[in-house]
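Results of the structural survey
One-letter residues, chain by chain:
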Amino acid sequence: MKHTPSPETLNDALSMAKATQKPGQSKEQTKLIAAGIEKGIAEYKKREKAKSRDRDKARKQRLKAKNTDHESDDADSFDNESYSQMTSLAWVLLGLLLLSWAGFAAYFLML
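Residues numbered from 1 in each chain as written. Predicted model: local features only at pLDDT ≥ 70, side-chain atom pairs only at ≥ 80, totals over all residues. Heavy atoms only, no water.

Moving on to the overall build of the chain. Along the backbone of the chain there are two helices and zero strands. Looking at the chain as shown, the accessible area adds up to about 10,100 Å², and 63% of this sits on carbon and sulfur atoms. (Helix = DSSP H or I, 4+ residues; strand = E, 2+ residues; numbered from the N terminus. Areas by Shrake-Rupley, 256 points an atom, 1.4 Å probe, with all protein chains shown as cover.)

Mapping Thr9 onto the fold places it in helix H1 (residues 7-19). Beyond its immediate stretch of four places on either side in the chain, Thr9 contacts Glu38, Ile41 and Lys45. (Contact = heavy atoms within 4.5 Å.)

Counted under the stated rule, the structure contains three salt bridges. Via salt bridges that share partners, Asp56, Arg59 and Lys60 belong to a single interconnected network. (Salt bridge = Lys/Arg side-chain N within 4 Å of Asp/Glu carboxyl O.)

As a further point, take a nonpolar patch on the surface. Residues Trp91, Leu94, Leu97, Leu98, Trp101, Phe104, Tyr107, Phe108 and Leu111 make up a contiguous nonpolar surface patch of about 1,100 Å² in total accessible area. Tracing the backbone through its elements, the reader meets Leu98 in helix H2 (residues 27-110). Among the residues examined, Leu98 registers a relative accessible area of 47% and is labelled partly exposed. (Patch = residues over 30% accessible without salt bridge, like charges linked within 9 Å, V, L, I, M, F, W, Y side chains within 5 Å. Buried < 20%, exposed > 50% of the residue type's maximum accessible area, 1.4 Å probe, protein only.)

Counted under the stated rule, the structure contains one aromatic pair. Relative to Phe108, the ring of Tyr107 lies with its centre 5.7 Å away and its plane at 70 degrees, an arrangement referred to as edge-to-face. Taking relative accessible area as the criterion, Tyr107 reaches 52% and is therefore assigned exposed. (Phe/Tyr/Trp six-rings, centres within 6.5 Å; stacked < 30°, edge-to-face > 60°.)

In this section: the environment of Gln21. Here Gln21 shows up in the loop between H1 and H2. For Gln21, a relative accessible area of 34% puts it in the partly exposed group. Separated by 12 residues in the primary sequence, Gln21 and Ile33 place their C-alpha atoms 9.0 Å from one another. Residues in contact with Gln21, not counting those within four places in the same chain, are Ser26 and Thr30. Separated by 3.0 Å, the side chains of Gln21 and Thr30 make a polar contact. (Polar contact = N/O pair within 3.5 Å; in protein donor to acceptor, adjacent residues only side chain to side chain.)

Our next topic: H1. When the terminal C-alpha atoms of H1 are compared, their 18 Å separation across 13 residues agrees well with the 18 Å that a helix rising 1.5 Å per residue should span. Among the residues making up H1, those that are buried are Thr9, Ala13 and Ala17. Angular distribution of buried residues about the axis of H1 spans 65 degrees; they occupy a single face of the element. Summarising the geometry of H1, the exposed residues directed more than 90 degrees from the buried face are Pro7, Glu8, Asn11, Lys18 and Ala19. (Expected span 1.5 Å × (residues − 1). Arc of directions from axis to C-beta.)

Structure follows, in structure tokens:
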């Protein structure tokens, strides 16, 4: 599949070819020079597009790695915090249970 260049590219190539035209140069030679310039512009655009895609992929990979690191750090810290809160809550509940049993025992012993 051949990609046709844009009209702006064609005009730029032709104007560059005419700007560098030598005295006595035929129109055919100028058109050939313009075609070469046009190919150069197309190749340059293709290369820049590929570089842009590569930069974008690298940026996305960096963001993904950064987010993964933060999520794992956040998950670890959340697990540690929730574990310590759960153990504290368990000790408090166990203390209340023992206190209530001691209260019932004292009540029945006073009867």
